[in-house]
Every structure is written in structure tokens, then in C-alpha cells.
Amino acid sequence: MTDAVAPFPIRVPEADLAHLAERLARTRWPDAGPVDDGRQGPALHALRRLVARWQNGYDWRATEACINGWGSSRTVIDGLGIHFLHVRSPEPDAVPLLLAHGWPGSILEFREMIGPLTDPAAHGEARHPAFHLVIPSMPGFGFSDKPGEQGWHVGRVAQAYTELMRRLGYHDRWFAQGGDWGAAVVTTLAQMRAPGLAGIHLNMVLFQPTEEEIRNATPEERDMLAGMQRYDREQSAYMKLQNTRPQSVAFALADSPVGLAAWLYALFQDMTDSGGAPERVLQQDDLLDHIMLYWLPNAGASSARFYWENAQAGRGMSAAPIALPAGVSVFPGEAVRLSRRWAEQRFADLRHFSQPERGGHFAAMENPAALVDAVRATFATR
């Protein structure tokens, strides 16, 4: 066994990009159907517009250069190659911070946060703390390896991330932030008291309100409960499929770039604070970057199986309050929201709680400035 950490520059063969262009050109489109407002999923006109940009104007090589410029690296942990970005701050007192993405996000969710967090002085914010950033691709996602055995659930990923931080020399004191599955991993890191972990920040808290909380809900909390019910009723079909039969969709995700794009786009449509039009808050090229991190390494199927692994493990948030210092940001477009008093029941040392005016499930992309501020506020008393 080796602890080697090595540079891992991404160099997609030109033949792979040409093959993608050919597949896009030969797309067989579905009919528009009688409903085109997003209630049945992505509308035909929305995907045609996105694919038109994919074919004309989108530049993967520019994104590839950015990834390589952010310290693209790889190491093998628990038999699996983990790809990650390692962006060191120039500040001598910088503190390590792990940023954990979810599905259908990627390491590129955090791109607008990298500069302000690693080099605040260069962004006119010299008074703020600086961080060394570690941004891993989850197993089965992006350019990390695909698990060839069962058991790669949230708990095992948390163990792998703990080992990653140790290998990078960040075992004495570090922090972690996450949303979506990244929030589940970060929460697990806190529950297991990962060595050196000194605090966490979440922009999504995976929790079930208690019967008492439902019964005594304030008007604001009733609105939050209604949002969770709407998500479960109207927008969670992808999760239920991936929890139970991920291989049913795996073949389409691996074979059709437009099929993959539509499957991922649906979440950006439903979970951004955009009224169902993600291009209002996100650049098309940013959406395409995420899609490419699923298409190029053929990670559509393996990332979907992560849901099945966690459903089999039956993991949920422990009823015991998390003891580590914590911060929580609740963005208005997030489906799973909680009030401050609900958060205080689940975090024994809640250092920061904020409700930004805009942003949704993809907070790091939709409102990175607010998330940067929340991270700084949470860890200000380090």
C-alpha cells in the first residue's frame, strides 16, 4: 500500500471530443409533448438550446486548463483512485478546508469560491481568513475511479476523505463544507469525529422533522414543510429510481450525451432559485462543464449507483446533536430547509446561521459570495 499523492493532469483525447460531436449531431429528439413548462421534466426547447451551445461555442479545453491549474491530483485510498483539486493559499496562516460536492454537481461547483477563499487579499478582502482547499470528486464521480464492489456509501466516503486530509498533511486542524451528498459526507465526518476536524458548514441539512416540530411549526416552518412535501411529490422521481433501480437508466446515461444532459439538467431546473429556468442564474457553459464531468469519464451510471449504495446502508442523520462547531446556511430555493430553532436542536454548537436572499440547492454556483461569507463567519473563531 502506498500513500503517494501525484499530479493528475486531465488531457481528454481529441478523438473523444470528436466522438461526442458526432453523437450530438446524430441525436434523435423526442416530440415536445403537450406540456412544455417543466412539469414533466426538461422541455424540448430548453435541451435544444443547451445542445446548440454544446455544439457551437462551448470550449472544453478552457475548462480542462482550469482544472489542471487548480492542482489536479490523484491518490489511491481503500483500493480506489480519488481525483481531487488541491489549491494552496499563499497566506502563511491559511487553514485547510475540504469542500464536498454532491449529485449532479462536481468539483466545479466551487470554482467561484476558490479565489476568495485561498487568496482573499487578491480579491480586496485581506482582513478575511485564508484557506488551503481540498476538493475531491466522490468515488464514481468525475475522474475518480468507479467502485467495483458494493459498500461505497457515505460512511466509506467520509473515511476516504479523512485519509485524504491525513495524506496531505492536514491532520491537526481542518474544516469541511458540503451540500447535497457532500452535506451527508460532512455530517458523517462530524459524527465520527474525524481526526483534526475542527468545524463544519452545511448549505443543506439532511433531517426529518419530528412529530412535535411538525405539530408546533411556525408559519415559516410550515412553508418549509410544504416545500419538502412538494419535492417528494413532484420532483424526487430521479432519487427514487436511483435508490432502487439505477441500472435501469445506466445504459441511457452511458450511451446518449443528450439523455445524460437531460437527466442532470432536470435537477438544475427544479433545484435552482430560477423559477424553472436555470440559465437565469447559471451560465450555459457552467452547466455543460458539469455534464462533461459525467460524460467524459462515463460516470453517469456509477454516480447514480451511489444512491442505491446509501439506500442499502440505510444511513440517516443521527438523533444526537452534532457537538463540533457548525454553521448552516438555508438558501430560499433549497427543497430541504430548516429554521434556526430546528437547527439548534441538531447542532450543539451552532456558530453561524444564515438565510441568504437568493440561491438554491447549488448555492456555490448560484450565490458563491454568500456561501463564502458563511464559511468565513462559521470558521472565524478557529
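Before reading further, recall that the structure is shown in the block above.
Residues numbered from 1 in each chain as written. Predicted model: local features only at pLDDT ≥ 70, side-chain atom pairs only at ≥ 80, totals over all residues. Heavy atoms only, no water.

Novice: Mind showing me how you'd approach the overall build of the protein here?
Specialist: Of regular secondary structure, the protein possesses 16 helices and 9 strands. Seen through its principal axes, the protein has C-alpha atoms that stretch 55 × 50 × 45 Å. Scored against the burial criterion, the 382 residues of the protein give a buried share of 55%. Sequence-distant contacts, at least 24 apart, represent 78% of the contacts inside the protein between residues at least 6 apart. Here the protein has roughly 16,500 Å² of accessible surface; of this, 49% comes from carbon and sulfur atoms. (Helix = DSSP H or I, 4+ residues; strand = E, 2+ residues; numbered from the N terminus. Buried < 20%, exposed > 50% of the residue type's maximum accessible area, 1.4 Å probe, protein only. Contact = heavy atoms within 4.5 Å. Areas by Shrake-Rupley, 256 points an atom, 1.4 Å probe, with all protein chains shown as cover.)

Novice: For this particular structure, what's the right way to read the pairing of strand β4 (residues 95-100)?
Specialist: Sheet faces and side chains relate simply in a regular strand, where the side chains alternate between the two faces. Of all 6 residues that make up β4, 6 are buried, and the element is covered over most of its length. Burial along β4 is two-sided: the residues Val95, Leu97 and Leu99 and Pro96, Leu98 and Ala100 are all buried. Relative to strand β5 (residues 131-136), β4 is paired through 4 bridges, and the arrangement is parallel. Looking at the pairing, Pro96 lines up with His132 of β5. Between β4 and its parallel partner β5, the chain crosses via helix α4 (residues 111-118), and the hand of that crossover is right-handed. (Pairing = 2+ DSSP bridges. Right-handed = clockwise from strand over helix to strand, strands pointing away.)

Novice: Mind showing me how you'd approach the nonpolar core here?
Specialist: Nonpolar side chains tend to gather and get buried jointly when the protein is soluble and globular. Residues Trp54, Trp60 and Phe347 are the most contacted members of the largest nonpolar core, which totals 116 residues. Beyond its immediate sequence surroundings of up to four residues, Trp60 is in contact with Ile10, Val12, Leu17, Ile67, Met292, Leu293 and Leu296. (Core = buried A, V, L, I, M, F, W, Y, C linked by side-chain atoms within 4.5 Å.)

Novice: Could you clarify how one ought to interpret the packing of helix α10 (residues 246-255) against helix α11 (residues 257-271) in this entry?
Specialist: Packed helices, taken two at a time, are described by the angle between their axes plus the distance between the axes. Orientation of α10 relative to α11, taken along the N-to-C sense of each, is 120 degrees, at an axis distance of 5 Å. By the criterion of interaxial angle, the relationship of α10 to α11 is oblique. Across the interface between the two elements, Val249, Leu253 and Asp255 of α10 pack against Pro257, Gly259, Leu260 and Trp263 of α11. (Axes fitted to C-alpha atoms, helices over the stretch in contact; angles between N-to-C directions. Parallel < 35°, antiparallel > 145°, perpendicular 65-115°, else oblique.)

Novice: Is there a simple way to explain the side chain of His290 in this structure?
Specialist: Structurally, His290 can be placed in helix α12 (residues 284-295). Using a relative accessible area of 0% as the deciding quantity, one classes His290 as buried.

Novice: Sorry, what's going on with the sheet that holds strand β1 (residues 5-7) here?
Specialist: Neighbouring strands of a sheet are bound in pairs by backbone hydrogen bonds; such pairs are parallel or else antiparallel. On the basis of which strands lie adjacent, the open sheet formed by 9 strands has the order β1-β2-β3-β5-β4-β6-β7-β8-β9 and mixed pairing. Two strands in the sheet have a free side with no partner beyond their single neighbour: β1 and β9 (347-354). Each neighbouring strand pair of the sheet contributes to a mean axis angle of 25 degrees, computed without reference to strand direction. Relative to β5, strand β3 (residues 80-87) is paired through 4 bridges, and the arrangement is antiparallel. If you follow Phe84 over to β5, its bridge partner there is Pro136. Sitting on the sheet, α4 touches β3, β4 and β5, and the angle it makes with β5 is about 155 degrees. Taken strand by strand, helix α5 (residues 154-167) contacts β1, β2 (72-77), β3, β4, β5 and β6 (174-178), and its axis lies near 120 degrees from that of β2.

Novice: Mind showing me how you'd approach the pattern of salt bridges here?
Specialist: Pairing is possible between side chains that carry opposite charge, provided their charged atoms lie close to one another. All told, the structure shown has 25 salt bridges when counted by the stated rule. A salt bridge links Arg23 to Asp255, with the nearest nitrogen and oxygen atoms 3.3 Å apart. Here Asp255 lies in helix α10 and Arg23 lies in helix α1 (residues 14-25), a separation of 232 residues in the sequence. Asp255 sits in the partly exposed class, given a relative accessible area of 46%. A salt bridge links Glu221 to Arg341, with the shortest nitrogen-to-oxygen separation between them at 2.7 Å. With Glu221 in helix α8 (residues 219-235) and Arg341 in helix α14 (residues 340-344), the pair connects residues that are 120 residues apart, well separated along the chain. Its relative accessible area of 2% is what places Glu221 among the buried residues. Here the salt bridges share partners, and the residues they tie into one network are Asp3, Glu163, Arg166 and Arg167. (Salt bridge = Lys/Arg side-chain N within 4 Å of Asp/Glu carboxyl O.)

Novice: Whenever I open this one, the environment of Ala184 confuses me. Can you help?
Specialist: Mapped onto the elements, Ala184 comes out in helix α6 (residues 181-191). Once the C-alpha coordinates of Ala184 and Val157 are considered, the two residues, 27 residues apart in sequence, prove to be 10.0 Å apart. Ignoring sequence-local partners within four residues, the contact set of Ala184 consists of Val154 and Leu206.

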